[in-house]
Each structure stands twice: as C-alpha cells, then as structure tokens.
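One-letter residues, chain by chain:
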Amino acid sequence: MSEASGPPPVSETVEDKPIASEEEAQQSYHHAKQMMKIGGYREAADSFAQTLTFMAGKHGEMALECAENYFLYGKCLLETFKMEEQVLGEKSNLDKADKGKDEDESDDEGEEDQAKELDISQDDVTDLDIAWEVLEVARTIYTKDLPRSIHQLAEVYKTIGEHSLETEQINLSVESYQEAIRVLEKEVPPDGRRIAEAYFDLGVSYQVFNQSSNALDQFMHCKKLLREVREEYVKADKTEDVASMDEVLKDIEDKIEDVTAFEESAPERAMKEAYLTALHQHMVQTGTLPPSSASSSSSSSSSSSSAPSETAATMTATDSNAFDKFSLPASAPTVNIG
C-alpha cells in the first residue's frame, strides 16, 4: 500500500462552518460519535470532517492526534456509501419491475443515458474515494506509532478490507485482513479474540468471492482460537463471558456447516450449470428459444460466474452478526483530541 501524501478532500456535503475553538472541536467529535451509534453516518462524517480540519490545523496533518478522526471519518463515509447503495439497489429493482411492461421501448435512448451517467460518475470524487484516502492516512499515522497503536492499526486494515469488498478487489481485501492478523499477532500477549474476529472477516472476504475452500480454512482457525479464549474464561471463572462465547462458537459452527455443505455440493452444481448451458444452446440451434432470450441469458450467466455470489454489503452485514453477541467496542482505545 502506498504512503499517504497529505490530507484528502472532505465530503462536499460538509457545511462551511469552520470550528474555531477546542471546545467546539470536542462538541463536534462527541456529536459525531453519538450519530455513529444511531446509524447517522452522513451527519457523523460531516462532523468528523469539521473536527479533522481543526485538528490538522492545530497539530499538523499527519499528527497522531488526527489519526482517529481520519479513521472514523473514512468508516462513516464507507457506511454511508453502503446504505446509499442498498437504497439505490432497491429502487433499481422497483424500476425494473415497472419497466417490465414496456421493455422494448427506447432501448437505444436508455443506453445513451446510461453512458452519460457513467461518464459523470467517473469524473466525480465519491464518498468511497474519499474514504479510501482518509483510511490510508490513518494507516500511515498508526503504522509509525507501533507498537502502541496495534489495535487501532488492525481496525484500520480491517476497514480497508471491507472497503475493498465494496469495490470487488478480492486481492486487496484479503491482503488487508491478513495484515490486520499479522499486526495483532505482534501484541504481547496476543489477544486471541481479536485475532479470531480478523480470521472470521478474512473468511467472509473469501466467501463473498466464491472461494469457499479458503473461507472454510479461516472459519476453522477462528473456531480454534475462540475455543482457546473460552478455556481462559473458564479458568478465570468468568461465567457470563463463557456463556457469551458459547453463543459465538455456535454461530461459527453453523457457518462452518453451511460452507462445508456448499463445498460438497459444488460438483453437482457444476453439472447442472453445464447441462443448462447445453440445453440453451440446443434450443437456440433448433429454433425453440428466441435468440434474443438466449443471448441475454448467456450474457447474464457469464457475468454472474465472475461476480461475487452476494453483494459485499449484504454478506458482511449478515455474517458480522456472529460477533455481535460478544463484540469489541466500536473503536479501539482512542486518542484524546484535547
């Protein structure tokens, strides 16, 4: 990953109300944290951006005091993007249903409009772009503060991994989660539960991109670490923690079962897909299927074979529930902004 070269642009939705004092910076920061708790990520991102502008002016753009604001700003922008994508996806599905009655009308005009929209979006800097830049700045700052900022750096790497899922960059996503694991393993003594969570996230990353065998390996490693953590709780007579860990382990075991079943059914699914492809080709050749239907079906099949099995947002939102019962704080130990 490249070194960050300076402060990235802030979101254009931020109002032009610069923070003028330490007290206002504190208020803006705490307001942003509260908005994060209730899912108001857009408003939280705006507040973090304003706080960050003040902090960078006071301490310097690459100061440790700014790192958490960079990280949380990026995280909020990422969450905002995911929420907006979900809304757009639902709207798109409704639009497709409405257009089903007159699909043949204005095909060429629709393609031209889509191309124009694409050109516009490529020229604009998106929340996802800014999120990437501020996360990279946070990564650079925390890397220079090791070993003190081990937990913070690991959280940044995991968020970069999540960001990479959204942009369907499987290699970068896997690399980021692996970096998070390597960072956490340097801690003395290592925090087994944090490492287990990182292995779980890595498994989800593999699963999103249909690499179920690799995903299974990560989930098994996660389970092993969590069992070791459970034993520590038993020895320390932490009854409530043991009960919570049992629930997490049950979720992990269910996950492993699902992935194992999916792996075992792979040959059968491959045979069915080959059969359906051959059947479509035969129907087109014999004139029993309209060529347009065959071509659209073929194009849909080819695109789906290389795409993720589920969207990253859906998969990660669902699978993160396994750790919700016994989760870390929303962020690692923070750096005071005062």
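The residue numbers shown here count from 1 along each chain, following its written sequence. At least 70 in pLDDT is required for a residue's local features to be given in this predicted model, at least 80 for side-chain atom pairs to be given and counted, and no such filter applies to totals for whole chains, interfaces and linings, which use all residues. Processing note: side-chain calculations cover all non-hydrogen atoms of the structure and skip hydrogens and water entirely.

Trainee: How do you make sense of the overall build of the protein chain when you look at a structure like this?
Mentor: Looking only at helices and strands, the protein chain has 14 helices and zero strands in total. The helix count covers DSSP runs of H or I at least four residues long, the strand count covers runs of E at least two residues long, and both are numbered beginning at the N terminus. When its helices and strands are written in sequence order, the protein chain yields α-α-α-α-α-α-α-α-α-α-α-α-α-α. Put simply, the protein chain has 338 residues, and 41% of those count as buried. Note on contacts: a residue pair is in contact if any heavy atoms of the two residues lie within 4.5 Å. Within the protein chain, contacts between residues separated by at least 24 positions form 73% of all contacts whose residues are at least 6 apart in sequence. Exposure was quantified through the Shrake-Rupley algorithm and a 1.4 Å probe, taking into account, for residues, occlusion by the shown protein chains and nothing else. Working note: accessible area of the protein chain is about 19200 Å², and carbon and sulfur atoms make up 51% of it. Exposure is judged per residue with a 1.4 Å probe applied to protein chains only, and the accessible area is read against the type maximum: over 50% gives exposed, under 20% gives buried, and values in between give partly exposed.

Trainee: Even after reading the chapter, I still don't get the packing of aromatic side chains, so can you show me in this structure?
Mentor: Note on aromatic pairs: the rings of Phe, Tyr and Trp (six-membered ring only in Trp) are paired at centre separations within 6.5 Å, and the planes decide the class, stacked below 30 degrees, edge-to-face beyond 60, tilted for the rest. One pass over the full model with this rule turns up two aromatic pairs. Taken together, a centroid distance of 6.2 Å and an interplanar angle of 70° make the contact between Tyr-29 and Phe-48 edge-to-face. Of the two residues, Tyr-29 sits in helix α1 (residues 22-37) while Phe-48 sits in helix α2 (residues 41-59), which places them 19 residues apart along the sequence.

Trainee: Please explain the pattern of salt bridges as it appears in this structure.
Mentor: A pairing counts as a salt bridge when a side-chain nitrogen of Lys or Arg comes within 4 Å of a carboxyl oxygen of Asp or Glu. A full pass over the atoms with the stated rule returns 20 salt bridges. We note a salt bridge from Arg-42 to Asp-127, for which the minimum N-O separation is 2.3 Å. Of this pair, Arg-42 sits in helix α2 while Asp-127 sits in helix α5 (residues 127-143); the two residues are 85 residues apart in sequence, bridging distant segments of the chain. Assessed through its relative accessible area of 24%, Arg-42 is described here as partly exposed. Note on Asp-127: relative accessible area 14%, which makes it buried. Shared partners join several salt bridges into a network, and the residues in it are Glu-155, Lys-158, Arg-193, Glu-197 and Asp-201.

Trainee: Teacher, can you tell me more about helix α7 (residues 170-185) here?
Mentor: Since the α-helix advances by 3.6 residues per turn, residues separated by three or four positions end up pointing in the same direction. In a helix, the anticipated span is given by 1.5 Å times the number of residues less one. A rise of 1.5 Å per residue sets the reference length of α7, with its 16 residues, at 22 Å; its end C-alpha atoms lie 23 Å apart and thus fit the reference within 8%. For α7, every residue scored as buried is listed here: Ile-170, Leu-172, Ser-173, Val-174, Ser-176, Tyr-177, Ala-180, Ile-181, Val-183 and Leu-184. Structurally, α7 contributes buried residues whose contacts are with α5, α6 (150-166) and α8 (192-208).

Trainee: How should a nonpolar patch on the surface be read in this particular structure?
Mentor: Together, Tyr-275, Leu-276 and Leu-279 make up a nonpolar patch on the protein surface, roughly 300 Å² of accessible area in all. Position of Leu-279 relative to the elements: it lies in helix α11 (residues 266-285). Its relative accessible area of 31% is what places Leu-279 among the partly exposed residues. Only residues above 30% relative accessible area that lack a salt bridge enter a patch, with like-charged residues linked at up to 9 Å and the nonpolar side chains Val, Leu, Ile, Met, Phe, Trp and Tyr linked at up to 5 Å.

Trainee: Got a minute to help me understand the side chain of Ser-212 in this structure?
Mentor: Mapping Ser-212 onto the fold places it in helix α9 (residues 212-235). Residues adjacent in sequence count toward polar contacts only when both atoms are side-chain atoms; beyond that, a polar contact is any pair of N or O atoms within 3.5 Å, and within protein one must be able to donate a hydrogen and the other to accept it. At a separation of 2.4 Å, a polar atom in the side chain of Ser-212 contacts the side chain of Glu-263. The residues touching Ser-212, leaving out its near neighbours within four places in the chain, are Val-259, Phe-262 and Glu-263.

Trainee: Explain the packing of α1 against α2 to me, please; I cannot follow it from the model alone.
Mentor: Angle between the axes and distance between the axes are the two parameters that describe a pair of packed helices. What counts as an axis is a line fitted to C-alpha atoms, over the stretch in contact for a helix, and the angles between N-to-C directions run from 0 to 180 degrees. Orientation of α1 relative to α2, taken along the N-to-C sense of each, is 150°, at an axis distance of 8 Å. With respect to α2, the element α1 is oriented roughly antiparallel. Our pair here, α1 against α2, has a crossing hand that is left-handed. Here Glu-22, Ala-25, Ser-28, Tyr-29, His-31, Ala-32, Lys-33, Met-35 and Met-36 of α1 come into contact with α2, specifically with Tyr-41, Glu-43, Ala-44, Ser-47, Phe-48, Gln-50, Thr-51, Phe-54 and Lys-58. Here the term charged refers only to Asp, Glu, Lys and Arg, the term nonpolar to Ala, Val, Leu, Ile, Met, Phe, Trp, Tyr, Cys and Pro, and the term polar to all other amino acids, Gly among them. For the contact of α1 with α2, the residue count by class is nine nonpolar, five polar and four charged. Any angle between 65 and 115 degrees counts as roughly perpendicular, while under 35 counts as roughly parallel, over 145 as roughly antiparallel, and the rest as oblique. Handedness of a crossing is defined here by the sense of rotation of the near helix relative to the far one, left-handed for an anticlockwise turn of less than a right angle and right-handed for a clockwise turn.

Trainee: In this structure, what is going on with unusual backbone geometry? I would like to understand it.
Mentor: Apart from glycine, the bulk of residues carry a negative phi angle, and the bulk of peptide bonds sit in the trans form. Note that the residue after Leu-146, namely Pro-147, is joined by a cis bond; omega there is 5°. Looking at where Pro-147 falls in the secondary structure, it is placed in the loop between α5 and α6. In this structure, Pro-189 follows Val-188 across a cis peptide bond, with omega equal to -10°. In this structure, Asn-210 takes a positive phi of about 65° despite not being glycine. Along the chain, Asn-210 falls in the loop between α8 and α9. Backbone geometry places Asp-237, a non-glycine residue, at a positive phi of 60°. Relative to the elements of secondary structure, Asp-237 occurs in the loop between α9 and α10 (239-264). The exposure class of Asp-237 is exposed, given its relative accessible area of 62%.

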